[in-house]
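What follows is the residue order along each chain.
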Amino acid sequence: MGKIPVLKVVIAGDGNVGKTSLVRRYCEGKFDTSRVATIGVDFQTHTVDLPSGQVKLSIWDMAGQERFRVVRGGFYRGSLAAALVFDITNPSSLTNLESWYQEISEVAPNQKFIIIGNKIDLERVQGPETAQAYAARISAPYLETSALTGEGVSLMFETMATLAFSYSATLGSHQPE
Ligand code: G3D
Ligand code: MG
């Protein structure tokens, strides 16, 4: 049996858009939950079956650090894919994704992005066109989710695993477990 590649991914976006809820929904009841309380990062792992074989996602979720830019650089380092999450009932959380994108790109210039419109169980305040156009501009897939109902959540993390795996293949090595 070969080692399962471990792929670091990060979840970014404004406070309250549902980042922690998405990670909890996906990882609920799974093994290897831990908390790096000293640096204020929630960290969970989850195994994903891809057509190419199993990978282990190590999912980094900012624990209330959205307001503190100075502590976020190390958080992104070594990440292979980032989800930029906004709340479909809060248009400014979509507008703000550009600054999250810029900040992450500075630290990890070639990593892959996915745009997530969360809270689709609630009433939309605008159509998906603006988000789709932004996603197309940064060459990212656009998906919609509800951490409340679970809709779209597995697809979100499977898509991140696929992006992270293909990017890691271009780097030529995986971090062994
Ligand atoms: P964050 O980690 O991005 O800061 P959280 O966001 O996961 O803490 O979620 C912020 C609030 O949004 C929480 O509400 C949470 O229950 C709610 N939420 C997250 N995802 C969804 C969703 O898909 N649908 C709905 N309806 N609500 C969602 P509270 O009230 O606990 O602060
Ligand atoms: Mg959170």
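First, a word on what this report is: a plain description of the structure on this page. If you're wondering where the values come from, they're calculated on a predicted model, not measured in any experiment.

## Overview of the overall build of the chain
Phase 1 of the analysis: For the chain, the helix and strand inventory stands at six helices and seven strands.
Phase 2 of the analysis: Order of helices (α) and strands (β) in the chain, N terminus to C terminus: β-α-β-β-β-α-β-α-α-β-α-β-α.
Phase 3 of the analysis: Taking all 177 residues of the chain together, the buried fraction comes to 49%.
Phase 4 of the analysis: Contacts in the chain between residues at least 24 apart in sequence constitute 71% of all its contacts with a sequence separation of at least 6.
Phase 5 of the analysis: A total accessible area of about 8800 Å² is found for the chain, and carbon and sulfur atoms account for 53% of it.

## What to know about the site of ligand 1
Phase 1 of the analysis: Near ligand 1 there are 16 residues, and of these Asn16, Lys19, Ser21, Asp121 and Ala147 occur at the shortest range.
Phase 2 of the analysis: Separating an oxygen atom of ligand 1 from a backbone N or O atom of Asn16 is a distance of 2.7 Å.
Phase 3 of the analysis: Contact between ligand 1 and Ala147: an oxygen atom at 2.8 Å from a main-chain N or O atom of the residue.
Phase 4 of the analysis: Protein chains shield 62% of the accessible area of ligand 1, which is 650 Å² for the free molecule.
Phase 5 of the analysis: Sorting elements by how many residues they give to the shell around ligand 1 places helix α1 (residues 19-27) first, with three residues.
Phase 6 of the analysis: Per-class residue counts for the shell around ligand 1 are four nonpolar, seven polar and five charged.

## Brief notes about the environment of Glu158
Phase 1 of the analysis: Following the sequence through the fold, Glu158 ends up in helix α6 (residues 153-171).
Phase 2 of the analysis: Sequence separation of Glu158 and Thr47 is 111 residues, and the distance between their C-alpha atoms is 9.9 Å.
Phase 3 of the analysis: Filtering out sequence-adjacent residues up to four positions away, Glu158 remains in contact with Val48 and Leu50.

## A few points about the pattern of salt bridges
Phase 1 of the analysis: Applying the stated criterion across every chain, the model contains three salt bridges.
Phase 2 of the analysis: Ionic pairing is found between Lys119 and Asp87, a salt bridge with its closest N-O pair at 3.2 Å. In this pair, Lys119 is assigned in the loop between β6 (112-118) and α5 (129-137) and Asp87 in strand β5 (residues 81-87), connecting sequence segments 32 residues apart. Each member of the pair Lys119 and Asp87 is classed as buried.
Phase 3 of the analysis: Glu144 serves as the salt-bridge partner of Arg124, at 2.7 Å between the closest nitrogen and oxygen. Of this pair, Arg124 sits in the loop between β6 and α5 while Glu144 sits in strand β7 (residues 142-144), and the two are 20 residues apart along the sequence.
Phase 4 of the analysis: For Arg124, a relative accessible area of 34% gives the class partly exposed.
Phase 5 of the analysis: On the accessibility criterion, Glu144 (22% relative accessible area) is partly exposed.

## Notes on the packing of aromatic side chains
Two descriptors summarise a pair of aromatic rings, namely the distance from one centre to the other and the angle between the planes of the rings.
Phase 1 of the analysis: Going through the model one piece at a time under the given rule, you end up with five aromatic pairs.
Phase 2 of the analysis: Members of the aromatic cluster, joined through ring pairs, are Trp60, Phe75 and Tyr76.
Phase 3 of the analysis: Looking at Lys8, its charged tip hangs above the ring of Trp60, at a distance of 4.0 Å from the centre.

## Regarding unusual backbone geometry
Phase 1 of the analysis: A positive phi angle is found at Lys119, which is not glycine, with a value near 75°.
Phase 2 of the analysis: In this model, Ser139 sits at a positive phi of 55°, which is unusual for a non-glycine residue.
Phase 3 of the analysis: With respect to the secondary-structure elements, Ser139 resides in the loop between α5 and β7.

About the criteria used
Residues numbered from 1 in each chain as written. Chains lettered and ligands numbered in written order. Predicted model: local features only at pLDDT ≥ 70, side-chain atom pairs only at ≥ 80, totals over all residues. Heavy atoms only, no water. Helix = DSSP H or I, 4+ residues; strand = E, 2+ residues; numbered from the N terminus. Buried < 20%, exposed > 50% of the residue type's maximum accessible area, 1.4 Å probe, protein only. Contact = heavy atoms within 4.5 Å. Areas by Shrake-Rupley, 256 points an atom, 1.4 Å probe, with all protein chains shown as cover. Near = heavy atom within 4 Å. Polar contact = N/O pair within 3.5 Å; in protein donor to acceptor, adjacent residues only side chain to side chain. Nonpolar A, V, L, I, M, F, W, Y, C, P; charged D, E, K, R; others polar. Salt bridge = Lys/Arg side-chain N within 4 Å of Asp/Glu carboxyl O. Phe/Tyr/Trp six-rings, centres within 6.5 Å; stacked < 30°, edge-to-face > 60°. Lys NZ or Arg CZ within 6 Å of the ring centre and 35° of its normal.

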